[in-house]
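# Coordinate analysis (summary)
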Amino acid sequence: MILVTGISGSLGGLVYRGLSTLDDLTVAAGSRSGDDTATRRIDFDDPATLAAGLRGVDVLVMISAGYAEDDVVLARHGAAVDAAAAAGVPHVIYTSLAGSGDLMTIALPHRWTEKRLAAAPFEVTVLRNGLYAEVPVGLAVAGAAASAESGVFAAPFGTGRISVVAREDLAEVAVRVAAETERDLAAGRRSRHAGKVYELEGVTAIGGSDIAEILSRSVARPVNYLPISLAEMRNILQGTGLEPYQCTHTLSLFANLGAGLLEASGTDLRDLLPTAPRDVRALITGAVRAGGYQSVSVGTTH
């Protein structure tokens, strides 16, 4: 049986739904809000829930449990690794962070967790997920109204570019790896993915000028990219209601981006997907137009 944790989140939900379409597999859902009927209660903040939740699991798809300060994330992941070992789970698949993000603040809990998993008594596959396309998508959508008014897209990209990937592509890879691992184990053999670390960087890199170009087509007027400083971005973030750790991680992302460190040099993504990766530029364009900033006539704003 395969268990997917964090199914109430976007990535976990996609992976669970994808696996559930495969008739030859038994798949269970795990969530901190589970009631142990349709969804198993898997709460990394309450390790007592994990022993029962992991009972009978052959393949654990461990979706990283961020959205907290690092010490909380380390405690969560450590509890999950210990519980999987105690329950005798044969194989764990972990969703980590791509290598291009090594110097970002969010990398620390991922690399720590990879180290803990490597020392565990079960087989491991690490899916080093690239940065989600939601980063430039969100910036484009948030900036569309102002860009339509001013003709300027302001963001702290510097001259850097960020390699991003659609979350759906990452989910498809996780589904494939989990399904093939379960089938291998059922056939009495070691998974073909055991001991593998897959770099799932995006195949498309997006910069500030790229977003400005997309906005130009979507808001029906020329839009120019204006780099802003990290200090200016910090001031903007302080008025958004984000938690302090979220501001730290966001600024770290932009610092790495501006330094030119977030453009991937290679990826395993194409080898693990059944078709070509989704078009990130099309995703950004679609998101902006879905927000009402569609080319209607020159000079029209919404």
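Our subject is the structure that appears above.
What comes next is a walk through the structure. Keep in mind it's a predicted model, so treat the numbers as computed, not measured.

Conventions adopted
- Residues numbered from 1 in each chain as written.
- Predicted model: local features only at pLDDT ≥ 70, side-chain atom pairs only at ≥ 80, totals over all residues.
- Heavy atoms only, no water.
- Helix = DSSP H or I, 4+ residues; strand = E, 2+ residues; numbered from the N terminus.
- Rg over C-alpha atoms; globule rule 2.2 N^0.38 Å.
- Buried < 20%, exposed > 50% of the residue type's maximum accessible area, 1.4 Å probe, protein only.
- Contact = heavy atoms within 4.5 Å.
- Areas by Shrake-Rupley, 256 points an atom, 1.4 Å probe, with all protein chains shown as cover.
- Pairing = 2+ DSSP bridges.
- Phe/Tyr/Trp six-rings, centres within 6.5 Å; stacked < 30°, edge-to-face > 60°.
- Lys NZ or Arg CZ within 6 Å of the ring centre and 35° of its normal.
- Axes fitted to C-alpha atoms, helices over the stretch in contact; angles between N-to-C directions.
- Salt bridge = Lys/Arg side-chain N within 4 Å of Asp/Glu carboxyl O.
- Parallel < 35°, antiparallel > 145°, perpendicular 65-115°, else oblique.
- Left-handed = near helix turned anticlockwise from the far one by under 90°.
- Nonpolar A, V, L, I, M, F, W, Y, C, P; charged D, E, K, R; others polar.

## Notes on the overall build of the chain
Counting its regular elements, the chain contains 11 helices and 12 strands. Radius of gyration (C-alpha) of the chain: 21 Å, near the 19 Å computed for a compact globule of 302 residues. Projecting the C-alpha coordinates of the chain onto the three principal axes gives extents of approximately 65 × 40 × 35 Å. Across the 302 residues in the chain, those meeting the buried criterion constitute 49%. Within the chain, contacts between residues at least 6 apart in sequence are counted, and of these 76% link residues at least 24 apart. For the chain, the accessible surface area stands at approximately 13300 Å², while carbon and sulfur atoms represent 53% of it.

## As for the pairing of strand β9 (residues 161–165)
For β9, the buried fraction is high: 4 of the 5 residues fall into the buried class. Where strand β7 (residues 131–132) meets β9, 2 bridges bridge the pair, whose relative direction is parallel. Within the sheet, the bridge partner assigned to L131 lies in β9 and is V164. Where β9 lies against strand β11 (residues 204–207), 4 bridges are found, and the strand directions are antiparallel.

## Here's the deal with the packing of aromatic side chains
Following the criterion strictly, the structure yields 3 aromatic pairs and no others. Measuring from centroid to centroid gives 6.3 Å for F153 and Y225, while their planes differ by 35°, and the two rings are tilted. In this pair, F153 sits in strand β8 (residues 152–155) while Y225 sits in strand β12 (residues 224–227), placing the two residues 72 residues apart along the sequence. When its relative accessible area of 17% is taken as the criterion, Y225 is described as buried. Ring centres 6.4 Å apart and planes at 70° place the aromatic pair F157 and Y225 in the edge-to-face group. Of this pair, F157 sits in the loop between β8 and β9 while Y225 sits in strand β12; the two residues are 68 residues apart in sequence, bridging distant segments of the chain. The class for F157 is buried, based on a relative accessible area of 0%. Members of the aromatic cluster, joined through ring pairs, are F153, F157, Y225 and F254. Directly above the ring of Y132 sits R167, whose terminal nitrogen or CZ lies 4.0 Å from the centroid.

## Some words on the sheet that holds β7
Strands sit in the order β7-β9-β11 across an open sheet of 3 strands; the sheet is mixed. With one partner strand each, in any of the chains shown, β7 and β11 form the two edges of the open sheet.

## Section: the sheet that holds strand β4 (residues 59–62)
The strand order across the open sheet formed by 7 strands is β3-β2-β1-β4-β5-β6-β10, and the pairing between neighbours is parallel. In this open sheet, the two strands that pair with only one neighbour each are β3 (39–41) and β10 (197–200). Neighbour-to-neighbour, the strand axes of this sheet turn through a mean angle of 25°, independent of strand direction. Where strand β5 (residues 91–97) meets strand β6 (residues 123–129), 7 bridges bridge the pair, whose relative direction is parallel. Pairing of L97 across the sheet is with N129, part of β6. Contacts from helix α4 (residues 107–118) reach β4, β5 and β6 within the one sheet, and its direction differs from that of β5 by about 160°.

## Topic: the pattern of salt bridges
Summed over the entire model, instances satisfying the criterion amount to 23 salt bridges. A network of salt bridges, in which partner residues are shared, links R32, R41, D43, D45, D46 and R76.

## Remarks on the environment of R17
Here R17 is to be found in helix α1 (residues 10–20). Put simply, R17 and A171 are 154 residues apart on the chain and 9.5 Å apart in space, counted from C-alpha to C-alpha.

## Describing the packing of helix α8 (residues 230–237) against helix α9 (residues 244–258)
Here α8 crosses α9 at 155°, and the two axes come no closer than 10 Å. Here α9 runs roughly antiparallel to α8, going by the angle between their axes. As for how α8 packs across α9, the hand of that crossing is right-handed. For the pair α8 and α9, the contacting residues are L230, M233, R234 and L237 in the first and C247, T250, L251, F254 and A255 in the second. Here the residues of the contact of α8 with α9 sort into 7 nonpolar, 1 polar and 1 charged.

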